[in-house]
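# An overview of the molecular structure
If you want the building blocks of each chain, they are given just below.
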Amino acid sequence: MSPRRLVLWRHGETDYNAAGRMQGHLDSALTPRGWNQARFAVPALARFSPDLVIASDLRRATDTATVLTDAIGVPLRIDKRLRETHLGEWQGLTGAEVDEAYPGERDRWRTDATWAPPGGENRVDVADRAGEVVADLQQANSDVGDTVLLAAHGGLIIALTARLLNLPVAIWPSLGGISNCHWVELGLRDGKWRLNAYNAGMHG
């Protein structure tokens, strides 16, 4: 049975998030607050009754996912196709440092999903590789259950959501950001993915 519901869950706060640094493929660690955010989200996510959790291989996503899978006893797979956007030369820099070294380019990146940072990838590239994960789940011989949760990253979640909803690439940047440990819920109906919740989460 291929999934009829997808929950796309962003990792908890990291040391790079707290410092305002761009992470991309850099393997940053959850802060104590990030671990707590993951634990706090477990009761709400448990209500989705996920049959499988698939996490990015970057430890901030894998660690976040493990908090859930350990609590509710569901299988965990790791898939590097769920990594965050590779930000090339920007990785490790603060927003101010990027703006100083690459004037105007961060604004261009925000408003054009086909544009990539120097040495990095664009959001369409990210959606392509993340979309492969969903396509694998929807194969005729897939038996992963009714609900699958993907533990991943903000940029990837936005790109994958836009792709699954078949939004025109020109309007992808109109989707807002995903907060730490917040999620997107998508349901499959009549062969099409529908948006049920966006940037949902627990506050406390």
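Calculation rules
Every chain's residues receive numbers from 1 upward, in the order its sequence appears when written. Where local features are concerned, this predicted model is filtered to residues with pLDDT of at least 70; where side-chain atom pairs are given and counted, the filter is 80 or more; whole-chain, interface and lining totals use all residues. Each side-chain value is worked out from all heavy atoms of the structure, with water and hydrogens disregarded. UniProt positions are given in the numbering used here, feature names are shortened, and annotations may be inferred rather than shown by experiment. Two kinds of site are reported from a 1 Å grid over the protein atoms alone, namely cavities, where a 1.4 Å probe fits but cannot get out, and pockets, open sets with protein on both sides within 12 Å along at least five of seven lines, and residues are called lining when an atom falls within 4 Å of a point. Runs of E in the DSSP output that reach at least two residues are strands. Runs of H or I that reach at least four are helices, and both are numbered from the N terminus. Contact definition: two residues touch when any of their heavy atoms are within 4.5 Å. Distance and chemistry together define a polar contact, namely a pair of N or O atoms within 3.5 Å, with one atom able to donate a hydrogen and the other to accept it when in protein, and with adjacent residues in sequence counting only for side-chain atoms on both sides.

Identification of the protein as phosphoglycerate mutase (2,3-diphosphoglycerate-dependent) from Amycolatopsis eburnea is taken from an unreviewed UniProt entry. UniProt lists a comment for the protein under the heading Sequence similarities (unreviewed entry), and it reads "Belongs to the phosphoglycerate mutase family. BPG-dependent PGAM subfamily."

## A word on the UniProt feature "active site" (unreviewed entry) in the protein
Under the feature "active site" (unreviewed entry), the UniProt entry names His11 and Glu84. Over a stretch of 74 residues, the named residues converge on one spot in the fold, their C-alpha atoms separated by at most 10.7 Å. Restricting the annotated residues just mentioned to those that line the largest pocket leaves His11 and Glu84. By secondary structure assignment, the location of His11 is in the loop between strand E1 (5–10) and helix H1 (15–19). Not counting residues within four places of it along the chain, the set of residues in contact with His11 comprises Asn17, Gln23, Arg60, Ala61, Thr64, Ala152, His153, Asn180 and Cys181. Side-chain polar atoms of His11 contact the side chain of Arg60, separated by 3.4 Å. Looking at the secondary structure, you find Glu84 in the loop between strand E3 (76–78) and helix H4 (95–101).

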